[in-house]
Amino acid sequence: IVMTQTPLSLPVTPGEPASISCRSSQSLLDSNDGHTYLDWYLQKPGQSPQLLIYLVSNRASGVPDRFSGSGSGTDFTLKISRVEADDAGVYYCMQRIDFPLTFGGGTKVEIK
Amino acid sequence: EVQLVQSGAEVKKPGESLKISCEGSGYKFIDYWIGWVRQMPGQGLEWMGSIYPGDSDTRYSPSFQGQVTISVDKSISSTYLQWNSLKASDTAMYYCATNNVWGTYRFDYWGQGTLVTVSS
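These numbers were taken from a predicted model, which means no experiment stands behind them.

## A short note on the interface of chain B and chain A
Here is step 1: Tallying the contact residues gives 20 residues for chain B and 16 residues for chain A.
Here is step 2: In this assembly, chain B packs against chain A so that about 1500 Å² is buried in total across both faces, 67% of it on carbon and sulfur atoms.
Here is step 3: Ranking the residues of chain B by area buried against chain A places B:Leu45, B:Trp47 and B:Arg106 at the top, with a combined share of 42%.
Here is step 4: Counting the contacts that link chain B with chain A gives zero salt bridges.
Here is step 5: Linking chain B with chain A are five residue pairs in polar contact (both at pLDDT 80 or more), by the criterion used here.
Here is step 6: Every element with two or more residues in the side of chain B that touches chain A is listed here: strand S4 (34-39) and strand S5 (45-52) of chain B.
Here is step 7: By residue number, the principal contributor to the side of chain B that touches chain A is S5(B), which donates three residues.
Here is step 8: Of the residues assigned to the side of chain B that touches chain A, the class counts are eight nonpolar, eight polar and four charged.

Next up, the structure:
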């Protein structure tokens, strides 16, 4: 399954919203259990990646509520309601409905 | 607190073998899938494979099948990533990652990464 993210780079002013798109080449909906297996990760500069969102829209523990995920089937969006300086880094979507697990190419969020 | 601690940076020559490790603590190691992820310099994340410590069931990405071996030692809560003959193109940061939800492959917890440099 090919994961395509847009844009590649996203300059954002603090306090403004930001949106990242992720599209999969096949549906990520598992008809057996009703779950859609799409997660979002953030890799801050010089750090290991961290889980932000799992199963499309569930925030991981400790993730601020300014982060939200939405979408279905093959089209997904990560939104940051009001960007903060600490949100800088590369955001990746990942599908885990099927092997091999695959990541999107990443979106670099730069704070203006 | 869940922790994954990886072995230190390695500098190797092409053709040499290498085994890097990832030790889990703060959770029941054998119950959760643990994966390995490669990040080449300046590039994105690539899933290499995952192993279930309980029975050593291992899944590989086709891109890495036959190129690396993932193994586990339950007795010391550790998983390993091994190469028999390194290439310069294996130069990368390697992360292990796991979760605390049975039967899932997502990555809630990450190691600090092991930088592998292969150069003659």
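## So, the nonpolar core
Soluble globular proteins: nonpolar side chains tend toward being buried together.
Here is step 1: Of all hydrophobic cores here, the largest spans 39 residues; its most connected members are A:Leu38, A:Trp40, A:Leu52, A:Tyr91, A:Phe103 and B:Phe107.
Here is step 2: At the level of secondary structure, the elements contributing two or more residues to this core comprise strand S2 (9-12), strand S3 (18-24), strand S4 (38-43), strand S5 (50-54), strand S8 (75-80) and strand S9 (89-95) of chain A together with S5 and strand S9 (92-98) of chain B.
Here is step 3: In this structure A:Phe103 touches A:Met3, A:Tyr41, A:Tyr92, A:Cys93, A:Met94, B:Val37, B:Leu45, B:Glu46, B:Trp47 and B:Phe107, once residues within four positions along its chain are discounted.
Here is step 4: Counting residues in hydrophobic clusters, the runner-up holds 25 residues, among them B:Ile20, B:Tyr27, B:Phe29 and B:Ile51.

Cut-offs used in this document
Residues numbered from 1 in each chain as written. Chains lettered and ligands numbered in written order. Predicted model: local features only at pLDDT ≥ 70, side-chain atom pairs only at ≥ 80, totals over all residues. Heavy atoms only, no water. Contact = heavy atoms within 4.5 Å. Buried area = accessible area lost by both parts, 1.4 Å probe. Salt bridge = Lys/Arg side-chain N within 4 Å of Asp/Glu carboxyl O. Polar contact = N/O pair within 3.5 Å; in protein donor to acceptor, adjacent residues only side chain to side chain. Helix = DSSP H or I, 4+ residues; strand = E, 2+ residues; numbered from the N terminus. Nonpolar A, V, L, I, M, F, W, Y, C, P; charged D, E, K, R; others polar. Core = buried A, V, L, I, M, F, W, Y, C linked by side-chain atoms within 4.5 Å. Buried < 20%, exposed > 50% of the residue type's maximum accessible area, 1.4 Å probe, protein only.

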